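Structural description and commentary
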Amino acid sequence: MSKYWYKNAVIYSLHVESFMDADGDGIGDFKGLTRSLDYLAGLGVSCVWLLPFFPSPNRDHGYDISDYLNVDQKFGTLGHFVEFVDAAEEYGIRVIIDLVLNHTSVDHPWFQEARKNKNSKYYNYYIWLDEKPANSHEDIIFAHHQDGNWEYDEVAGQYFYHTFYQHQPDLNITNPDVQEEIRYILQFWLKLGISGFRMDAVPHMLRNKGKSKFKGDPFKFLRDLRSFIQDQRNDAILLAEVDTEPEKYEDFFGQGDQVQMLFNFYLNNYIYLALARKSGKPIAKALKDIPQTSIKEQMGTFIRNHDELDLERLTKKEREEVFKAFAPEPNMQIYGRGIRRRLAPMLGNNRAWIELTYSLLFSLPGTPVLRYGDEIGMGDDLSLEERNSVRTTMQWSMENHGGFSASKKQDIPLPAIKDGKNGYKKINVHDQMRNPKSLLNWMERAISVRKECREFGWGDYELIKTNNDRVLAHFCHWQNGHTLAVHNFNNKACEVKLRLTKDQADHLIECFADRRYTPFDVSTRILKLGPFGYRWFRRSSLFL
Ligand code: GLC
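Thresholds applied
Residues numbered from 1 in each chain as written. Predicted model: local features only at pLDDT ≥ 70, side-chain atom pairs only at ≥ 80, totals over all residues. Heavy atoms only, no water. Helix = DSSP H or I, 4+ residues; strand = E, 2+ residues; numbered from the N terminus. Rg over C-alpha atoms; globule rule 2.2 N^0.38 Å. Buried < 20%, exposed > 50% of the residue type's maximum accessible area, 1.4 Å probe, protein only. Contact = heavy atoms within 4.5 Å. Areas by Shrake-Rupley, 256 points an atom, 1.4 Å probe, with all protein chains shown as cover. Lys, Arg positive; Asp, Glu negative; His and termini not counted. Charge placed at Lys NZ, Arg CZ, Asp CG, Glu CD. Near = heavy atom within 4 Å. Polar contact = N/O pair within 3.5 Å; in protein donor to acceptor, adjacent residues only side chain to side chain. Core = buried A, V, L, I, M, F, W, Y, C linked by side-chain atoms within 4.5 Å. Domains from an automatic or database assignment. Buried area = accessible area lost by both parts, 1.4 Å probe. Salt bridge = Lys/Arg side-chain N within 4 Å of Asp/Glu carboxyl O. Phe/Tyr/Trp six-rings, centres within 6.5 Å; stacked < 30°, edge-to-face > 60°. Pairing = 2+ DSSP bridges. Axes fitted to C-alpha atoms, helices over the stretch in contact; angles between N-to-C directions. Patch = residues over 30% accessible without salt bridge, like charges linked within 9 Å, V, L, I, M, F, W, Y side chains within 5 Å. Expected span 1.5 Å × (residues − 1). Parallel < 35°, antiparallel > 145°, perpendicular 65-115°, else oblique. Left-handed = near helix turned anticlockwise from the far one by under 90°.

**Some remarks on the overall build of the chain**
Per the secondary structure count, the chain includes 18 helices and 21 strands. In summary, the chain has a C-alpha radius of gyration of 24 Å against a globular reference of 24 Å for 544 residues, a match within 12%. Considering the chain as a whole, with its 544 residues, one finds that 61% of them fall into the buried category. Relative to all contacts within the chain whose residues are 6 or more apart in sequence, the contacts with residues 24 or more apart total 68%. Of the roughly 21,500 Å² that the chain leaves accessible, carbon and sulfur atoms contribute 48%. Averaging the positions of the 70 positive and the 74 negative side-chain charges in the chain gives two centres separated by 6 Å.

In structure tokens, the structure reads:
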């Protein structure tokens, strides 16, 4: 199997809790997920990213882990997990899992032991101080919920460091004992058949905090992880959450010896600015700012994830523009920097606009990462707190709880959206399966063509000059494959002249579009596009 499978993959992220409940207790589980594999295979997904499913008091949606080497019993057992990974492999679907090493839950036995006993080896698993430092607010993530980075612990009689919520003490990653524990975690899950990890909060892990200081280069930690996982399994990957300026991306990739993939938060932000401005220019700017990855590295491109849509990579003014367009009410915004809505309602459920956005996702350089429910246009529930608004259960059918659970209870821990334009009575998988024109069927086709046009994933890209700022045109090349994608960000039809060389313009065959267009006129290089129209062309297979 190729070590570089991630270069042309389609990743689908989901939380076991909200996907499919097989035992009827109102909580999704591994058995339900295993049953849903036919669906995921039909959609064309090639890798599933599982959000944390480990034992946890669940104060941060599972990102507060109390045991790294187990499955939370509400989702099933390790046996059910292995059954799922095995079944996924039968379908050709890989599994990657969340790896949260920056912090544990306060409930983790390591922390419980550490706070009680300064002589125990677990004490140095965390970061302690007797006195709160003068600057105790260096890196606050959840401004409204955190009073600084240092929290007093009554039992220890000391302050411990936390980057995120105060129930998530940071691990002292510089401690060799902690590094050994990390190796057990990696080895354990790799042995159970997974293809890698989505690493949480990576830049935060590599910072010096209090007395926890890296000796020498902090990125050596990533090199050690990479070499360790590849010794276990040579196709295993690290996909890192690194929400920083693009100039720093190279620091995390290293010389092809650190992480293989990074989420492209920068491009994500500029996609929203482009949608808000109805112009292709912000994306062209972002692409120019981001270094092109080497052949062994890859960016994970995405539209939405399980968190707030964090717009910190934009300027204040640009962020305000996006807020104005897509989150005009205060309740739609969160943490002073983001939006707690899903894409479909942000775009007013405008099908053409949604298609444009995903056509863009599938054709931009990188590997697309989808979020469950996006393929049917699921919405958000703004009556729920914080990021829960975008974490409602999967909408399978018109039945009670949207077909997610057979539970007879009215209230289940994670609700489904019942009413309104995005409720399960209007938007669900089974309705869309039967409708050839549905978003779900469109998504299947889009994924299939995307995988065929492998130069989007593997290749270099080139921006094509046009006479219309509303339009983004880019060409991707890899080996002898060439694909051109043209997107109209405006809600009005247009004509655009593309500055293509003769070589580039010859033998282009249209392979994907929002409608049937008259063929591209090579002599004029003028292309027609409908409102929010998009067209992909591939150099004819005769010439590949
Ligand atoms: C990451 C996760 C987020 C979580 C945080 C703390 O940013 O994506 O959901 O709250 O880490 O673990």
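**What about the site of the ligand?**
Near the ligand you find Asp 60, Tyr 63, His 103, Phe 142, Phe 164, Arg 198, Asp 200, Glu 241, His 306, Asp 307, Arg 387 and Arg 391, and these make up its full shell. Between the ligand and the protein, one listed contact pairs an oxygen atom with a side-chain N or O atom of His 103 at 2.9 Å. A distance of 3.0 Å separates an oxygen atom of the ligand from a polar side-chain atom of Arg 387. Taking 310 Å² as the accessible area of the ligand by itself, protein coverage stands at 95%.

**Focus: the nonpolar core**
Core analysis: the largest hydrophobic core is formed by 152 residues, its most contacted members being Tyr 12, Leu 50 and Phe 53. In terms of residues, this core owes the most to one element, helix 10 (residues 265-277), which gives nine residues. Setting aside residues up to four positions removed in sequence, Phe 53 forms contacts with Val 16, Phe 30, Asn 70, Val 71, Asp 72, Phe 75, Phe 81, Ile 97 and Trp 189. Ranked by size, the runner-up nonpolar core spans 17 residues in total, among them Val 471, Phe 475, Val 486 and Val 496.

**Quick look at the domain arrangement of the chain**
Assigned domains of the chain: these are domain 1 (2-102 + 174-449), domain 2 (109-161) and domain 3 (459-543). For domain 1 and domain 2, the distance between their C-alpha centroids amounts to 29 Å. The interface of domain 1 with domain 2 comprises 16 residues on the first partner and 17 residues on the second. Both faces considered, domain 1 and domain 2 share a buried interface measuring about 1,400 Å² in area, 59% of it formed by carbon and sulfur atoms. Contact with domain 2 buries area across many residues of domain 1, yet Glu 181, Lys 209 and Tyr 335 alone supply 30% of it, more than any other trio. Summed over the shared surface of domain 1 and domain 2, the number is zero salt bridges.

**Section: the packing of aromatic side chains**
Scanning the entire structure with this criterion turns up 43 aromatic pairs. A ring pair is formed by Trp 128 and Phe 160, whose centres lie 6.1 Å apart and whose planes are at 75 degrees; its orientation type is edge-to-face. Highlighted residues: Trp 128 in strand 4 (residues 128-129) and Phe 160 in strand 6 (residues 158-161), separated in sequence by 32 residues. Under the relative-accessibility criterion, Trp 128 is labelled buried at 5%.

**Notes on the sheet that holds strand 9 (residues 261-263)**
Overall, parallel pairing links the eight strands, which are arranged 1-2-3-7-8-9-10-14 in a closed barrel. In this sheet, neighbouring strand axes are inclined to one another by 25 degrees on average, regardless of whether the strands run parallel or antiparallel. Relative to strand 2 (residues 47-50), strand 1 (residues 11-14) is paired through four bridges, and the arrangement is parallel. Looking at strand 2, one finds that Leu 14 is bridged to Leu 50. Together, strand 3 (94-99) and strand 7 (196-199) form the strand contacts of helix 6 (residues 176-191), whose direction differs from that of strand 7 by roughly 130 degrees.

**A word on the environment of Gln 73**
Assignment of secondary structure puts Gln 73 in the loop between strand 2 and helix 4 (78-90). On a C-alpha basis, the gap between Gln 73 and Ser 294 in space is 41 Å, while along the polypeptide they are 221 residues apart.

**A closer look at a negative patch on the surface**
Judged by side-chain charge, Glu 83, Asp 86, Glu 89 and Glu 90 come together as a negatively charged surface patch. Residue Glu 89 is classed as exposed on the basis of its relative accessible area, which comes to 52%.

**Comments concerning helix 4**
Counted at 1.5 Å a residue, the expected span for helix 4 with its 13 residues is 18 Å, and the 19 Å between its end C-alpha atoms agrees. In this structure, the buried residues of helix 4 make contact with helix 2 (30-35), helix 3 (37-43), strand 2, strand 3 and helix 6. Phi turns positive one or two residues past the end of helix 4, at Gly 92, with a value near 75 degrees.

**With respect to helix 10**
Taking 1.5 Å per residue as the helical rise, helix 10 with its 13 residues ought to reach 18 Å, and the 19 Å between its terminal C-alpha atoms agrees with that figure. Summarising burial for helix 10: 11 of the 13 residues are buried, a large majority. Of the residues one or two after helix 10, Lys 278 is the one with positive phi, at around 55 degrees.

**What about the pattern of salt bridges?**
Side-chain pairs of opposite charge can arise where the charged atoms are in close proximity. Applying the stated rule across the entire model yields 31 salt bridges. The shortest N-O distance in the salt bridge between Arg 198 and Asp 200 comes to 2.8 Å. Assessed through its relative accessible area of 2%, Arg 198 is described here as buried. Through salt bridges with shared partners, a single ionic network connects Asp 60, Asp 307, Arg 387 and Arg 391.

**Some words on the packing of helix 10 against helix 11 (residues 281-289)**
Across the interface, helix 10 lies against helix 11 with an axial gap of 8 Å and an inter-helix angle of 165 degrees. The orientation of helix 10 relative to helix 11 falls into the category roughly antiparallel. Both helix 10 and helix 11 take part in a crossing whose hand is right-handed. On helix 11, the residues that touch Tyr 266, Leu 267, Tyr 270, Ile 271, Leu 273, Ala 274 and Arg 277 of helix 10 are Pro 282, Ile 283, Lys 285, Ala 286, Leu 287 and Asp 289.

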